[in-house]
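# A closer look at the structure
One letter stands for each residue in the lines below.
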Amino acid sequence: MSLTAVERLARTPAMQRLPAQLRDPFLLNNLVYFAGNFFAGLAGYAFQALLAGALGPAQFAEVASLLAIFYIIQILHFVAMAAAARITAPLAAEGNHSEVQRAYRDMTIYATLIGAVGMLLFMLFAPALRSSLGIGLGPLLILSATVPLALLVGLGRGVMQGEQRFLPLSVNFFTYGSTTLVFLPVLLHFHLRAVGATLAIVLGLALCNLFAVLTLNKLPHGGHHQRLGLAGVIRSSVAAAAGLSVITIFYNMDVLLAKHFLPALQAGLYSGMSLLGKILFFGTISISAVMFPRVATLHAQGKSPHRIVNLSLGLVFASGMLVVGAYALAPGFIIHLLLRRAEFAQIGNNLAIYALAMLGLAISNVLVYYFVGVHRRRFVFAMALGAVLFFGGISMFHATLSQFTITVTVAINTMALVLLGLYAVDHPRFQRNGPDQPMPIPVNVPGGPGAAS
């Protein structure tokens, strides 16, 4: 198997002088992925924060609602990314890169067809969303283009993740972030607001997909391999869809529910608080992204992945608590620095509480990727419990901004604790039969069990 750019970096004379722990591929891949994802997240937060400061809480609520809908559409992106990584990671680990290329080509065809249908359905529901949320029809129609693009970008990133090519994957994230930043002055100068925000998203996704296609074209041609059946792709996506859908809904639906239940000003304040809270979640997402292909590969090889999962959980908790502590000790300074609008000072008392919700969500994200990678479905019950507490709790307790925030935090962290309990039970030391054994059908691969004939 050819070495990745990060592995070649680890073998350079300069890196060889460092302690072994500092040139470990897991750590280096985390740093590389984190750099690209951090830049994309930072660009996204700058994009939203400058809009929030320019528009004020009430007008920003419309843009925040559109972005929340987009992030829900991003469920397709995350599911496609997880499914593609789980299918291709074992193939790449065995050096079967031409099979990876064939799988990517087949999945791209399926994603294009499914995405086109999804785009038409979104356009049909756009008038209902307009009436329910009080936002413009034009931005919603533009946003419909993100349905197929989210699938295609997710596939490309998932294959790069499965190949453990984290440098081009990081550049892909950089491409999206830089596109939104370049578009921001145009958006503000021409007062495009919601229309401009959605156009920036569509353009960024289109460029990311183009970059992925150009990157993965370097894989060996795989036309001689058996076609990857759609049924196999769907089976690989079911568990990922269940877990990642709930995760995505949790960090987006609260903004939409806040706009529905709270007065306009408080909904805008909650949108700003959500913007700051998500720094924690997206700041730690690189850990689960780097962990996932290794978990899928180790499980397919019949090896226990718990060491890498334990390390990932520890990194998420430690880094997340730093953010929670900062929000608890200096909320006013952080709010002024990032949102730069006096009205947002009102969220100071709730900011650390909401950050705890994002910490629970980040831990849940790591565990969902673990369960998906080892083909366990028991975690779905924990996600269902969290969803019931989330929607049921908000429907009953939404009188004030503080009450709304506490309800969200309790629901998410209850789910995180249940997932941690399920993970503990799944650990080899708690199992009578010892470490995890490989599943009878470890992964759907072209030509393997579960592939279409």
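## Here we look at the overall build of the protein chain
Per the secondary structure count, the protein chain includes 16 helices and zero strands. Counting over 453 residues, the protein chain shows a buried share of 55%. Within the protein chain, contacts between residues separated by at least 24 positions form 83% of all contacts whose residues are at least 6 apart in sequence. Just so you have it, the protein chain exposes about 18500 Å², and 70% of that area is on carbon and sulfur atoms.

## Overview of the nonpolar core
Grouped together as the largest cluster of nonpolar side chains are 109 residues, with contacts concentrated most on Ile-69, Tyr-270, Phe-281, Met-358 and Leu-361. Residues within four places of Ile-69 in sequence aside, it is in contact with Phe-122, Leu-133, Ile-135, Leu-140, Leu-143 and Leu-256. Counting 30 residues, the second largest nonpolar core, distinct from the first, contains Val-32, Ala-40, Met-160 and Leu-216.

## Considering the packing of helix H11 (residues 264-300) against helix H16 (residues 401-426)
Orientation of H11 relative to H16, taken along the N-to-C sense of each, is 40°, at an axis distance of 10 Å. On the basis of their axis angle, the class for H11 and H16 is oblique. Considering how the two elements wind past one another, H11 and H16 form a crossing that is right-handed. Note on element contacts: H16 touches H11 through Leu-401, Phe-404, Thr-405 and Val-408, opposite Gln-266, Leu-269, Tyr-270 and Met-273. Tallied by class, the residues present in the contact of H11 with H16 amount to six nonpolar, two polar and no charged.

## Re the pattern of salt bridges
As enumerated under the stated definition, the model contains four salt bridges in all. Among the salt bridges present, the one from Asp-106 reaches Arg-102, with a minimum N-O distance of 2.9 Å. Residue Asp-106 and its partner Arg-102 are located together in helix H4 (residues 97-133), separated by four residues, close to a single helical turn. Taking the shortest distance from any N to any O, the salt bridge between Arg-378 and Asp-426 comes out at 3.6 Å. Placement of the pair is Arg-378 in the loop between helix H14 (348-373) and helix H15 (379-396) and Asp-426 in helix H16, with a sequence separation of 48 residues. You can call Arg-378 partly exposed: its relative accessible area is 34%. Residue classification places Asp-426 among the buried positions, given a relative accessible area of 1%. Through salt bridges that share partners, Arg-376, Arg-378 and Asp-426 make up one connected network.

## A short note on the packing of H11 against helix H12 (residues 306-329)
Where H11 contacts H12, the two axes come as close as 10 Å, and the packing angle between them is 170°. Classified by the angle their axes make, H11 and H12 are roughly antiparallel. Along its contact with H11, which presents Leu-276, Gly-277, Ile-279, Leu-280, Thr-284, Ile-287, Met-291, Arg-294 and Val-295, the element H12 presents Ile-308, Val-309, Ser-312, Leu-315, Val-316, Ser-319, Gly-320, Val-323, Val-324 and Tyr-327. Here the residues of the contact of H11 with H12 sort into 13 nonpolar, five polar and one charged.

Parameters at a glance
- Residues numbered from 1 in each chain as written.
- Predicted model: local features only at pLDDT ≥ 70, side-chain atom pairs only at ≥ 80, totals over all residues.
- Heavy atoms only, no water.
- Helix = DSSP H or I, 4+ residues; strand = E, 2+ residues; numbered from the N terminus.
- Buried < 20%, exposed > 50% of the residue type's maximum accessible area, 1.4 Å probe, protein only.
- Contact = heavy atoms within 4.5 Å.
- Areas by Shrake-Rupley, 256 points an atom, 1.4 Å probe, with all protein chains shown as cover.
- Core = buried A, V, L, I, M, F, W, Y, C linked by side-chain atoms within 4.5 Å.
- Axes fitted to C-alpha atoms, helices over the stretch in contact; angles between N-to-C directions.
- Parallel < 35°, antiparallel > 145°, perpendicular 65-115°, else oblique.
- Left-handed = near helix turned anticlockwise from the far one by under 90°.
- Nonpolar A, V, L, I, M, F, W, Y, C, P; charged D, E, K, R; others polar.
- Salt bridge = Lys/Arg side-chain N within 4 Å of Asp/Glu carboxyl O.

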